[in-house]
Amino acid sequence: MIRKTRIILINVVLIIVLAVAFIGVTLFNKPHINVSEQAPNLSVEAIKVLSDFQNDETKANSKYLEQIIQVTGVISELSLTKEKGVITLSGTDSFGSVMCHLNAEENKKMEALKTGQTIAIKGICTGYLMDVILVKCVILNE
């Protein structure tokens, strides 16, 4: 009886280890999204996406999270963080903005931009932490 229990327990542990290994390998080999080659799932004004997150974050998460979105807005700040460009699109108040973290290839394009300019940017929405965060962004117009 003890021997059967031990064999069953070893088989269960082996199945769990194999399942975890399979999931890990699958996630590790997941292809990276090239935002510049993908069509946006949504096209929205920066003020609208910010308002959606401020009014109902849960609903906005289901609409925008992990989606490629095209955002149009007014540049309030241009900065470099760890050698990557960050373009901040202003909202209607001082309590939030849309922060667009650029791909490394887009840094050169950022040099031609100015604060107050209206711009369209495409990126992947990763959520809301006082600001709406877009990553892997590409500048669509200069």
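Here the structure is a predicted model, which means the values were calculated and not measured.

Before going further, it helps to spend a moment on the overall build of the protein chain. Counting secondary structure elements, the protein chain contains four helices and six strands. In the protein chain, the succession of α and β elements from N to C terminus is α-β-α-α-β-β-β-α-β-β. Computed over C-alpha atoms, the radius of gyration of the protein chain comes to 21 Å, more than 25% over the 14 Å expected from 2.2 N^0.38 for 142 residues, which places it beyond the range of a compact globule. Overall, the C-alpha framework of the protein chain stretches about 75 × 35 × 25 Å when taken along its three principal axes.

A general tendency of soluble globular proteins is for nonpolar side chains to be buried together. In this structure, Ile-87, Leu-89 and Val-98 are the most contacted members of the largest nonpolar core, which totals 25 residues. Those elements giving two or more residues to this core turn out to be helix H2 (46-55), helix H3 (57-64), strand S2 (68-81), strand S3 (84-90), strand S4 (97-102), strand S5 (118-128) and strand S6 (132-139). Once residues lying within four places of it in the same chain are set aside, the contact partners of Leu-89 are Ala-46, Val-71, Gly-73, Val-74, Ile-75, Ser-76, Ser-97, Val-98, Cys-100 and Ile-119.

What follows deals with the pattern of salt bridges. When the charged atoms of two side chains with opposite charge come close together, those side chains can pair. Enumeration according to the criterion identifies four salt bridges in this entry. Here Lys-48 makes a salt bridge to Asp-52, at a shortest N to O gap of 2.9 Å. Taken as a pair, Lys-48 and Asp-52 lie in helix H2 at a separation of four residues, close to a single helical turn. Relative accessible area serves as the criterion here: at 15%, Asp-52 is assigned to the buried category. The partner of Lys-63 in a salt bridge is Asp-52, with the nearest N and O atoms 3.9 Å apart.

Conventions we followed
- Residues numbered from 1 in each chain as written.
- Predicted model: local features only at pLDDT ≥ 70, side-chain atom pairs only at ≥ 80, totals over all residues.
- Heavy atoms only, no water.
- Helix = DSSP H or I, 4+ residues; strand = E, 2+ residues; numbered from the N terminus.
- Rg over C-alpha atoms; globule rule 2.2 N^0.38 Å.
- Core = buried A, V, L, I, M, F, W, Y, C linked by side-chain atoms within 4.5 Å.
- Buried < 20%, exposed > 50% of the residue type's maximum accessible area, 1.4 Å probe, protein only.
- Contact = heavy atoms within 4.5 Å.
- Salt bridge = Lys/Arg side-chain N within 4 Å of Asp/Glu carboxyl O.

Interpretation in functional terms is not warranted from these geometric data alone.
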